[in-house]
Amino acid sequence: MAHVLDAADADSPLKASELKVLRDQYEKEGDYVGVQTKFNYAWGLIKSSARGEQQEGVRLLSEIFRNAPERRRECLYYLALGNYKLGNYAEARRYNDLLLDHEPSNLQAGSLRGLIDDKVAKEGLLGVAILSGVAIAAAGVGAMIFRGARRR
């Protein structure tokens, strides 16, 4: 059941007016933007349904992760979530596992792990189905070519 709640939260973007407040504050601070302001804006971007905004959110969080060691733990979940939403499941798992290493009882991270595993399994099955279809088609074409060559 927790998967449903966290998935819904991941897919519920902020209202445009709410994101605008975060963007305005971020832009107002300019070159001297504070870590908290950057984090808040990145969080809003991660929640977006627009891929470009999600990518920008991951980029901003990556900057915080690199430049503010004291804020790394806070960034891990949202870096995992952002990469999950972008379909970067290996990166999502890497960040999420780092968080779970430090906080094994973190319910959000545990739930996100399940979501990541589900997506990887589904996409893995789809990949197997596609490869199987290609292999069957190639075998059929090969058989037709082989028969044609034998008739000559």
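As the structure is a computational prediction, the values presented were derived from the model and not from experiment. (Residues numbered from 1 in each chain as written. Predicted model: local features only at pLDDT ≥ 70, side-chain atom pairs only at ≥ 80, totals over all residues. Heavy atoms only, no water.)

Draft legend 1. Fine view of helix 6 (residues 89–102). Between the first and last C-alpha of helix 6 there are 20 Å, a value that for 14 residues agrees with the 20 Å anticipated at 1.5 Å per step. Turning to helix 6, its buried residues number three or more, namely Tyr89, Ala92, Tyr95, Asn96, Leu99 and Leu100. What you see down the axis of helix 6 is that its buried residues fit within an arc of 140 degrees, all on one side. Seen from the open side of helix 6, the exposed residues pointing more than 90 degrees away from its buried face are Ala90, Asp101 and His102. (Helix = DSSP H or I, 4+ residues; strand = E, 2+ residues; numbered from the N terminus. Expected span 1.5 Å × (residues − 1). Buried < 20%, exposed > 50% of the residue type's maximum accessible area, 1.4 Å probe, protein only. Arc of directions from axis to C-beta.)

Draft legend 2. Structural detail: the packing of helix 2 (residues 16–29) against helix 3 (residues 35–46). Two elements in contact, helix 2 and helix 3, have axes separated by 9 Å at closest approach and are oriented at 145 degrees. Both helix 2 and helix 3 take part in a crossing whose hand is left-handed. From helix 2, Leu19, Leu22, Arg23, Gln25, Tyr26 and Glu29 reach across to helix 3, where they touch Thr37, Lys38, Asn40, Tyr41, Trp43, Gly44 and Leu45. (Axes fitted to C-alpha atoms, helices over the stretch in contact; angles between N-to-C directions. Left-handed = near helix turned anticlockwise from the far one by under 90°. Contact = heavy atoms within 4.5 Å.)

Draft legend 3. Expanded view of the packing of aromatic side chains. Going through the model one piece at a time under the given rule, you end up with five aromatic pairs. Ring plane angle 80 degrees and centroid distance 5.9 Å describe the contact between Phe65 and Tyr95, whose orientation is recorded as edge-to-face. With Phe65 in helix 4 (residues 51–67) and Tyr95 in helix 6, the pair connects residues that are 30 residues apart, well separated along the chain. The burial state of Phe65 is the same as that of Tyr95; both residues are buried. In this structure, Arg72 is placed above the aromatic ring of Phe65, and the distance from its NZ or CZ to the ring centre is 5.4 Å. Positioned above the aromatic ring of Tyr95 is the side chain of Arg94, whose terminal nitrogen or guanidinium carbon lies 4.6 Å from the ring centre. (Phe/Tyr/Trp six-rings, centres within 6.5 Å; stacked < 30°, edge-to-face > 60°. Lys NZ or Arg CZ within 6 Å of the ring centre and 35° of its normal.)

Draft legend 4. Representation of helix 4. Here helix 4 is 17 residues long and its end C-alpha atoms lie 24 Å apart, about the 24 Å a rise of 1.5 Å per residue gives. When helix 4 is considered as a whole, its buried residues turn out to be Gln54, Gly57, Val58, Leu60, Leu61, Ser62, Glu63, Ile64 and Phe65. In this structure, the buried side of helix 4 is in contact with helix 2, helix 3, helix 5 (72–86) and helix 6.

Scope: geometric values only; no functional claims are made or implied.
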